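Next come the chains, spelled out residue by residue.
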Amino acid sequence: MDEPEHQAPTEGTRQGTIAVVTLGIAVLVMVAAGVVGVTIGMDGGSHAAMMSGVPASRTTADAGGFTLDMVPAHLVRHYELARANPDVYSQVPCFCGCEQMLAHRNLEDCFVTPDGAWESHASGCQICIKESRMLMRMMGRGMSAPMMAERVVGEFGGPTIGT
């Protein structure tokens with residue numbers, strides 16, 4: 001019996017191999033990014049940002065290493081809004097399940113820790129951002145905090161935290 005001849009790969013085979021390798025690398029990068037995000041989010045929410053009584057800035061890393069420079073600009077607005085409006089955010093329940101995972105009491109805790117540091121959790125949570133986006137619109141209309149909380153509950157429903 002004759003042995004089959006080994007043929008050189010065709011251009012199509014090479015391109016297919018390159019595509020598979022590129023896809024594999026992209027998947028590995030996404031998995032690694034997810035692990036980093038979960039690690040930051042599971043840090044217990046204790047990012048000590050208050051140094052000498054001065055809240056952490058966007059560029060100053062807190063003890064957990066999380067700064068607003070780590071998040072896209074469109075998310076920074078939500079963090080700054082939460083810090084500037086604790087009277088509103090503290091009255092709004094969060095529906096993402098962070099009460100069990102991170103002991104959050106309300107939506108404010110998703111963005112700012114009780115000691116005034118930035119909380120990494122909201123940067124990777126679409127529910128927190130959707131709730132904050134809704135608050136942003138309602139604050140622009142001059143609605144009261146209790147009315148905003150009621151609307152968020154009506155929109156997201158389910159079990160609440162902080163109530």
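Below: a short report on this structure. (Residues numbered from 1 in each chain as written. Predicted model: local features only at pLDDT ≥ 70, side-chain atom pairs only at ≥ 80, totals over all residues. Heavy atoms only, no water.)

There is a patch of like positive charges on the surface, built from Arg-77, Lys-130, Arg-133, Arg-137, Arg-141 and Arg-151. Looking at the positive patch, the element that brings in the most residues is helix α6 (residues 126-140), giving three residues. Along the chain, Arg-77 turns up in helix α2 (residues 73-84). Overall, Arg-77 belongs to the partly exposed group, its relative accessible area being 47%. (Patch = residues over 30% accessible without salt bridge, like charges linked within 9 Å, V, L, I, M, F, W, Y side chains within 5 Å. Areas by Shrake-Rupley, 256 points an atom, 1.4 Å probe, with all protein chains shown as cover. Salt bridge = Lys/Arg side-chain N within 4 Å of Asp/Glu carboxyl O. Lys, Arg positive; Asp, Glu negative; His and termini not counted. Charge placed at Lys NZ, Arg CZ, Asp CG, Glu CD. Helix = DSSP H or I, 4+ residues; strand = E, 2+ residues; numbered from the N terminus. Buried < 20%, exposed > 50% of the residue type's maximum accessible area, 1.4 Å probe, protein only.)

The next thing to look at is the side chain of His-78. You can see His-78 is positioned in helix α2. A polar contact of 2.7 Å, which involves the side chain of His-78, links it to the side chain of Ser-132. Sequence-distant contacts of His-78, that is, excluding residues within four places in its chain, are made with Tyr-89, Phe-111, Ile-129, Ser-132, Arg-133 and Met-136. (Polar contact = N/O pair within 3.5 Å; in protein donor to acceptor, adjacent residues only side chain to side chain. Contact = heavy atoms within 4.5 Å.)

Per the counting criterion, the structure on display carries zero disulfides. Cys-94 takes part in no disulfide bond, and the closest cysteine sulfur, belonging to Cys-96, lies 3.5 Å away. Its relative accessible area of 2% is what places Cys-94 among the buried residues. Free cysteine Cys-110: the closest other cysteine sulfur is in Cys-128, separated by 3.5 Å. Look at Cys-110 and you get buried, because its relative accessible area is 0%. (Disulfide = S-S within 2.5 Å.)

These figures come from the coordinates and say nothing about function on their own.
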